[in-house]
Amino acid sequence: MRAMRFERFGGPEVLVEADVPDPVAGVGETLVEVEAAGVNFGDIKQIAGEHTDGPYAPKGPLPHVPGMEVVGRAADGRRVLGYVAQGGYAAKTVVTDRDLVALPEGVGAGEALALLIQGLTAWHLLRSVARTRAGESVVVHAGAGGTGSLVVQLAREFGAGRIIATASSDEKRAAALELGADAAIDGDAEGYRERVLDANHGRPVDIILDAVGGPVLDSALDALGYLGRLVTYGASSRQTASAIAPSRLAVDSITVAGFWLIPLIARDGAGGAALEELLDLTARRRLRPLVGAEYDLARARDAHEDMLGRRTKGKLVLRP
């Protein structure tokens, strides 16, 4: 079958098209004929060799076919969405049954792919970690990004009282407002607290969801109110945040937590009630996942280069 694989670690240039044997499903697995595969930063990190152990690590010796998200058809005709640790950049792949869900009618391939890693991350940030309660104020960093745009919409769906998005440009701030944010502000660390409090009518906020890290995380702590929660789930700034003194947390009973979806999937599987809820909300058009460019599978290298160059918007899709 047709696939894209890498025989050595490196940048997008190491991806090459190859004809490889069809995979064979074992007990508790389903063979899926791939309609579309999602592109993630996790794929780029795996190909670069940044994760040589843990959930992102390639299984066994090289070469490997990357790709963690697929939409396709099972042998019984079901259209399905599934998570795979690797093997998605191919015409066919095998998915563990606990990582597979049926797609409702009316949900496009790109929309479904956006709901897997990014959508589940957004859901768990709000439900499992921050434990958002009705009426609370929520700040979403990178509110026009893949995960952030879903957090904005889900926060509204889950009853947040006021949603404040941060974004780096007027265009992105306008997009966050269109998705349902009550306010959209510059997310730069300098002047962060003043902008957040102003956007929240002068009051500290209840929840901040941070994928930026570094000085922005440091500033974010100053914008939290009593019993406030900050959840860190990324560090796109590639800068290190300052150490946090326990006494600083105790004064206002602040919680700082972290979240990474992949270990949770490894433990519990990707399928289940959370993913089904996201798909149902999308089918009923209460949730609008952002879908970006589509590429032929042979152009996976171009998709990675565009993502690294920050030339993309929404979920990137490969078509075998």
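Each residue is numbered by its place in its chain's sequence as written, counting from 1. Where totals are concerned, whole chains, interfaces and linings use all residues; where local detail is concerned, this predicted model gives features only for residues with pLDDT of at least 70, and gives and counts side-chain atom pairs only at 80 or more. The side-chain figures draw on all heavy atoms in the structure; neither hydrogens nor water molecules are used.

This paragraph deals with unusual backbone geometry. The phi angle of most residues is negative, glycine excepted, and most peptide bonds adopt the trans form. Of the consecutive residues leucine 62 and proline 63, the connecting peptide bond is found in the cis state with omega at 5°. Only runs of H or I of at least four residues qualify as helices and only runs of E of at least two qualify as strands under DSSP, and these elements are numbered from the N terminus. The topology assignment puts proline 63 in the loop between helix H1 (41–48) and strand S4 (69–74). Phi at alanine 142 takes a positive value of approximately 55°, unusual for a residue other than glycine. Note that alanine 142 resides in the loop between strand S8 (137–140) and helix H3 (146–157). Here leucine 227, not a glycine, exhibits a phi torsion of approximately 65°, which is positive. Its location among the elements puts leucine 227 in strand S12 (residues 224–232). Relative accessibility thresholds used throughout: buried, under 20% of the residue-type maximum; exposed, over 50%; partly exposed, between the two (1.4 Å probe, protein chains only). Assessed through its relative accessible area of 44%, leucine 227 is described here as partly exposed.

This next bit is on the packing of helix H2 (residues 109–129) against helix H8 (residues 261–268). How two helices pack is summed up by the angle between their axes together with the distance between the axes. Axes, fitted as lines to C-alpha atoms, cover a helix only where it is in contact. Angles between the N-to-C directions of the axes lie from 0 to 180 degrees. Two numbers describe how H2 lies on H8: the axes approach to 10 Å, and their chain directions differ by 95°. Classified by the interaxial angle, the pair formed by H2 and H8 is roughly perpendicular. On H8, the residues touching Leu116, Ile117, Leu120, Thr121 and His124 of H2 are Leu261, Ile262 and Leu264. Any residue outside Ala, Val, Leu, Ile, Met, Phe, Trp, Tyr, Cys, Pro, Asp, Glu, Lys and Arg is labelled polar, Gly included; the first ten of those are nonpolar and the last four are charged. When the residues that make up the contact of H2 with H8 are grouped by side-chain class, the tally is six nonpolar, two polar and no charged. Angular relationships are summarised with four words: roughly parallel below 35 degrees, roughly antiparallel beyond 145, roughly perpendicular across 65 to 115, and oblique for the angles in between. The contact criterion used is simple: two residues touch if any of their non-hydrogen atoms lie within 4.5 Å.

Further remarks concern the pattern of salt bridges. A pair is scored as a salt bridge if a Lys or Arg side-chain nitrogen falls within 4 Å of a carboxyl oxygen belonging to Asp or Glu. Throughout the structure, instances matching the rule amount to 21 salt bridges. Across the salt bridge formed by arginine 79 and glutamate 35, the nearest N and O atoms sit 3.0 Å from each other. Here glutamate 35 lies in strand S3 (residues 29–38) and arginine 79 lies in strand S5 (residues 79–83), a separation of 44 residues in the sequence. Take arginine 79: its relative accessible area is 19%, and that puts it in the buried class. Linking aspartate 302 and arginine 299 is a salt bridge whose minimum nitrogen-to-oxygen distance equals 2.9 Å. Among the ionic contacts, a cluster of salt bridges with common partners joins Glu35, Arg79, Glu294 and Arg319.

Now for helix H4 (residues 170–179). Residues of H4 that are buried: Arg173, Ala176 and Leu179. Within H4, the buried residues cover an arc of 120° as seen down the axis, which keeps them to one side. Residues of H4 that are exposed and point over 90 degrees away from its buried face: Asp170, Glu171 and Glu178. Residues of H4 that are buried make contact with H3, strand S9 (162–167) and strand S10 (183–186). At the exit of H4 stands glycine 180, carrying a positive phi of roughly 125°. This arc is built from the directions going out from the helix axis to the C-beta atoms.

Time to look at the nonpolar core. In terms of nonpolar packing, the biggest core is built from 51 residues, with Leu81, Leu154, Leu209, Leu275 and Leu279 touching the most fellow members. Contacts of leucine 275, omitting those with residues within four sequence positions, involve Leu81, Val101, Leu115, Leu116, Leu120 and Ala270. With 29 residues, the next largest nonpolar core counts Met1, Val32, Tyr89 and Met307 among its residues. The set of buried Ala, Val, Leu, Ile, Met, Phe, Trp, Tyr and Cys residues whose side-chain atoms join them within 4.5 Å is what this entry labels a nonpolar core.

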